[in-house]
Amino acid sequence: MPVNAADLPETPAPPPGLVTAGYFDERPGYAVSRPSGTESWLFTWTAVGRGLLRQGAARAEAGPGDLVVLGPGVPHHYATAAGAERWAFWWVHCRARAAWAAWLRPHAAGGRLYTVVPVPAAVRPRIAAAFRRLHADARWSGEGAPPDPDPRPVPNRVAVAHGAAATELALGSLEEIVLLATAVPPAAAAGATGAGTDPRVRRVAALIAADPAAPHTVESLAARVALSPSRLGHLFAEALGDTPMRVLRDARLRHAARLLEVTDLPVARVAAASGFASPFHFSRVFRARYGVPPGAYRVRHR
């Protein structure tokens, strides 16, 4: 029988100023209720099974590989989904960095609930590794070397980052997770990973999402899935309504925008780090996409 949130006592939330992380492996009946919400953000990544998360009037059912984020200040409730035998998931409470809200905004489901679904399969192993690294870094005391990530997560082992070094390392891993998960916009991700889509299109879309700055060409991408360049272009047009190179260019521009938001790299280095050989060409296509040149974009988003 589903758990009624109104019947649950309020679950205390971790202190908002700390990075607190853990891996829980829960069975039916597990539930958390916070009628007042929290002062921190909550990031959840499902590894096995299914969970149901509600925030205000919005809700999301998370399966393996789904990132669901709950913003602060809104009542929320989450539990093992009805009919699921278990829900194993990573979670992190923290104060989010300013740039993350812009990355998550296209995935808003209402009520400050964000559902990054589906995350491209090609980046999921790296995201899982980043969670393990985050958990290890949050346990670091600052003395000696940081602990090695657990090869297999230990259920219900909670880590709280103390000290600037442990906190920054943990937040760096979480930033990598959010960036990887949101690298493909929702519409493109849905089109490229739908059940009726050619698996070779899904594979190429995942390759682009995993590393948009790589020296991809139509020929190199087609070769990875044993297609001719013309056939790959035809399949992409059917699935996404666009060419592989335009999808790649858009992914590179999104990557560049995030670098401008969170780093002080010179524009020429941002261009190179995003896969653009010419800073002039980068500035021109960036302005066409975002309406302002890269330098002005950086100022606006700071």
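See the structure above.
Attention here is on the structure that accompanies the text. (Residues numbered from 1 in each chain as written. Predicted model: local features only at pLDDT ≥ 70, side-chain atom pairs only at ≥ 80, totals over all residues. Heavy atoms only, no water.)

Quick notes on the packing of helix 8 (residues 244-262) against helix 11 (residues 294-301)
At a minimum axis separation of 8 Å, helix 8 and helix 11 run at an interaxial angle of 55°. Looking at the two axes, helix 8 sits oblique to helix 11. The handedness of the crossing between helix 8 and helix 11 comes out as right-handed. Residues Ala-257, Leu-259, Leu-260 and Glu-261 of helix 8 form the contact with helix 11, whose own contacting residues are Pro-294, Tyr-297, Arg-298 and His-301. Across the contact of helix 8 with helix 11, the residue classes break down as five nonpolar, one polar and two charged. (Axes fitted to C-alpha atoms, helices over the stretch in contact; angles between N-to-C directions. Helix = DSSP H or I, 4+ residues; strand = E, 2+ residues; numbered from the N terminus. Parallel < 35°, antiparallel > 145°, perpendicular 65-115°, else oblique. Left-handed = near helix turned anticlockwise from the far one by under 90°. Contact = heavy atoms within 4.5 Å. Nonpolar A, V, L, I, M, F, W, Y, C, P; charged D, E, K, R; others polar.)

As for the sheet that holds strand 4 (residues 51-55)
The sheet built from four strands is open, its strands ordered 2-7-4-5 with antiparallel pairing. At either margin of the open sheet sits one strand with a lone partner, and together these are strand 2 (31-34) and strand 5 (58-62). Averaged over all pairs of adjacent strands, the angle between their axes in this sheet comes to 10°, without regard to strand direction. Direction of pairing for strand 4 relative to strand 7 (residues 76-80): antiparallel, over a ladder of five bridges. Of the residues in strand 7, the one forming a bridge with Arg-54 is His-77. (Pairing = 2+ DSSP bridges.)

Brief notes about the packing of aromatic side chains
Per the counting criterion, the structure on display carries 18 aromatic pairs. Arranged with centres 5.9 Å apart and planes meeting at 25°, the rings of Trp-41 and Tyr-114 form a pair that is stacked. Of this pair, Trp-41 sits in strand 3 (residues 41-49) while Tyr-114 is found in strand 10 (residues 113-116), placing the two residues 73 residues apart along the sequence. As far as the burial class goes, Trp-41 and Tyr-114 line up, both buried. Site record: aromatic cluster; members linked through ring pairs are Phe-24, Tyr-30, Tyr-78, Trp-87, Phe-89 and Trp-91. (Phe/Tyr/Trp six-rings, centres within 6.5 Å; stacked < 30°, edge-to-face > 60°. Buried < 20%, exposed > 50% of the residue type's maximum accessible area, 1.4 Å probe, protein only.)

Topic: the packing of helix 5 (residues 199-210) against helix 7 (residues 229-240)
Where helix 5 meets helix 7, the axes come as close as 10 Å, and the angle between the chain directions of the two elements is 90°. Judged on the interaxial angle alone, helix 7 and helix 5 are roughly perpendicular. On the side of helix 5, the interface is formed by Arg-200, Val-201, Val-204 and Ala-205, while helix 7 contributes Leu-232, Leu-235, Phe-236 and Ala-239. Residues belonging to the contact of helix 5 with helix 7 are distributed by class as follows: seven nonpolar, no polar and one charged.

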